[in-house]
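Single-letter residue listing:
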Amino acid sequence: MQALRTIQDSFVPLSMENIDTDQIIPARFLKATSREGFGKNLFRDWKYINDDETQPKEDFVLNNKTYRGKILVAGKNFGCGSSREHAAWAIKDAGFDVVVSSFFADIFKNNSLNNFLLPVTVSENFLQKLFKAVEANPATEIEVNLQKQTISAAGETESFDINSYKKTCLLNGYDDIDYLLNAKKEIEEFETLEK
């Protein structure tokens, strides 16, 4: 996987709250077991008037060419509902590296971290400032610095928490197996000390 360190880009504002995993990727699209191809069905029922993609909903933010970027900023309680890992797959496959919200469902947060999608939890106050900033200027950029664990936009900076193990994995492009393989020498040395 590609390491995540500093992501600086414009962002897509999705100010709705309580977005569940069935809205992120509807259950009828969960037939594949590989991660590829889910991005085209991200928020499928919100993107189109009907199911054959011939009539996009003009008022849905992902159909608005004004907003682009690798960062999705969403309302409170993002990723609630079922535990489907496909929700993280769909967001990542659609080109996002970061999701920002004031609250994430725990299972969604863990699924995201396991799939190199960085969930950044900010205060409700900071979240509302992001929405106001992008409303005033759609080209507003966010900088997420994983090493420093900071998020900055519109002259404001806030710190965020992340599990130290997952931070190490994201910074180095490691999945769980890569992490263990990288520590192989230390593990072998430890095992010889135990004997």
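Preceding block: the structure.
Okay, so let's go over this structure. (Residues numbered from 1 in each chain as written. Predicted model: local features only at pLDDT ≥ 70, side-chain atom pairs only at ≥ 80, totals over all residues. Heavy atoms only, no water.)

Quick notes on the overall build of the protein chain
Here is the rule we go by: Secondary structure elements are taken from DSSP: a helix is a run of H or I of four residues or more, a strand is a run of E of two residues or more, and numbering for both begins at the N terminus. Relative accessibility under 20% of the residue-type maximum defines a buried residue, over 50% an exposed one, and the middle range a partly exposed one, all with a 1.4 Å probe and only protein chains included. In what follows, residue pairs with any heavy atoms lying within 4.5 Å of each other are defined as contacts. Here the open area of atoms and residues is found with the Shrake-Rupley method and a 1.4 Å probe, where only the protein chains shown may cover a residue. Positive charges come from Lys and Arg alone, negative charges from Asp and Glu alone, with His and the N- and C-terminal ends not counted. Lys charges are placed at NZ, Arg charges at CZ, Asp charges at CG and Glu charges at CD.
Within the protein chain one finds eight helices and seven strands. Relative to its full complement of 195 residues, the protein chain shows a buried share of 46%. Considering only contacts in the protein chain between residues 6 or more positions apart, those separated by 24 or more positions represent 64%. For the protein chain, the computed accessible surface area is about 10,500 Å², with 47% contributed by carbon and sulfur atoms. Counting 23 positive and 30 negative side-chain charges, the protein chain places the centres of these two groups 2 Å from one another.

A short note on the nonpolar core
The criterion, for reference: The term nonpolar core refers to a set of buried residues drawn from Ala, Val, Leu, Ile, Met, Phe, Trp, Tyr and Cys, joined through side-chain atoms within 4.5 Å.
One finds Phe43, Phe78 and Leu118 to be the most contacted residues of the largest nonpolar core, which totals 55 residues. Those residues within four positions of leucine 118 in sequence are excluded, and the remaining contacts are Leu4, Asp97, Val98, Val99, Leu113, Val144, Leu146, Phe160, Ile162 and Leu170.

Quick notes on a negative patch on the surface
To be explicit about the condition: Residues enter patches when they are more than 30% accessible in relative terms and free of salt bridges; like-charged ones are connected within 9 Å and nonpolar ones (Val, Leu, Ile, Met, Phe, Trp, Tyr) within 5 Å. When a carboxyl oxygen of Asp or Glu lies within 4 Å of a side-chain nitrogen of Lys or Arg, that pair is called a salt bridge.
A surface patch of negative charge is lined by Glu186, Glu188, Glu189 and Glu191. Here glutamate 188 lies in helix H8 (residues 184-194). Relative accessible area serves as the criterion here: at 40%, glutamate 188 is assigned to the partly exposed category.

Observations regarding the pattern of salt bridges
One pass over the structure, following the stated rule, counts seven salt bridges. Measuring nitrogen to oxygen at the nearest pair gives 2.9 Å for the salt bridge that ties aspartate 22 to arginine 84. Placement of the pair is aspartate 22 in helix H1 (residues 21-24) and arginine 84 in the loop between strand E2 (71-74) and helix H3 (86-93), with a sequence separation of 62 residues. Judged by its relative accessible area of 36%, aspartate 22 falls in the partly exposed class. For the salt bridge of aspartate 45 with arginine 28, the shortest nitrogen-to-oxygen distance reads 2.5 Å. Here aspartate 45 is found in helix H2 (residues 44-47), whereas its partner arginine 28 is found in the loop between H1 and H2, with 17 residues between them in sequence. Salt bridges sharing partners connect three or more residues here, namely Lys40, Arg44 and Glu53.

Describing the side chain of asparagine 145
Selection criterion: We call two N or O atoms a polar contact when they sit within 3.5 Å, provided that within protein one can donate a hydrogen and the other can accept it, with sequence-adjacent residues counted only if both atoms are side-chain atoms.
Turning to its location among the elements, asparagine 145 is positioned in strand E5 (residues 141-145). A polar side-chain atom of asparagine 145 sits 2.8 Å from the main-chain amide nitrogen of lysine 148. What asparagine 145 contacts, discounting residues up to four positions off in sequence, is Arg5, Thr6, Thr150 and Phe160.

Comments concerning the sheet that holds E2
Our working definition: Only strands that DSSP links by at least two bridges are regarded as paired with each other. Lines fitted to C-alpha atoms define the axes, with helix axes restricted to the stretch in contact, and inter-axis angles between N-to-C directions lie between 0 and 180 degrees.
Pairing in this open sheet of seven strands is mixed, and the strands run E4-E3-E2-E1-E5-E6-E7 from one edge to the other. At either margin of the open sheet sits one strand with a lone partner, and together these are strand E4 (118-121) and strand E7 (156-159). The average undirected angle you get between the axes of adjacent strands in this sheet is 25 degrees. Alignment of strand E1 (residues 6-14) against E2, held across four bridges, turns out to be parallel.

As for the packing of aromatic side chains
What counts is decided by this rule: Side-chain rings of Phe, Tyr and Trp (the six-membered ring for Trp) are treated as a pair once their centres are within 6.5 Å; stacked means planes under 30 degrees apart, edge-to-face means over 60, and tilted covers the remaining angles.
Under the counting rule described, the total for this entry stands at nine aromatic pairs. Plain terms: the ring middles of phenylalanine 38 and tryptophan 89 are 5.6 Å apart, the flat faces sit at 55 degrees to each other, and that makes the pair tilted. Here the residue phenylalanine 38 occupies a position in the loop between H1 and H2, and tryptophan 89 occupies one in helix H3, the gap between them amounting to 51 residues. The exposure classification of phenylalanine 38 matches that of tryptophan 89, with both residues buried. Through a chain of ring-to-ring contacts, the aromatic side chains of Phe43, Trp46 and Phe60 assemble into a single cluster.

Brief notes about helix H5 (residues 124-136)
This is how it is decided: A helix is expected to span 1.5 Å for every residue after the first.
Counted at 1.5 Å a residue, the expected span for H5 with its 13 residues is 18 Å, and the 19 Å between its end C-alpha atoms agrees. In this fold, the buried residues of H5 make contact with E1, E2, strand E3 (98-101), E5, strand E6 (150-153) and E7.

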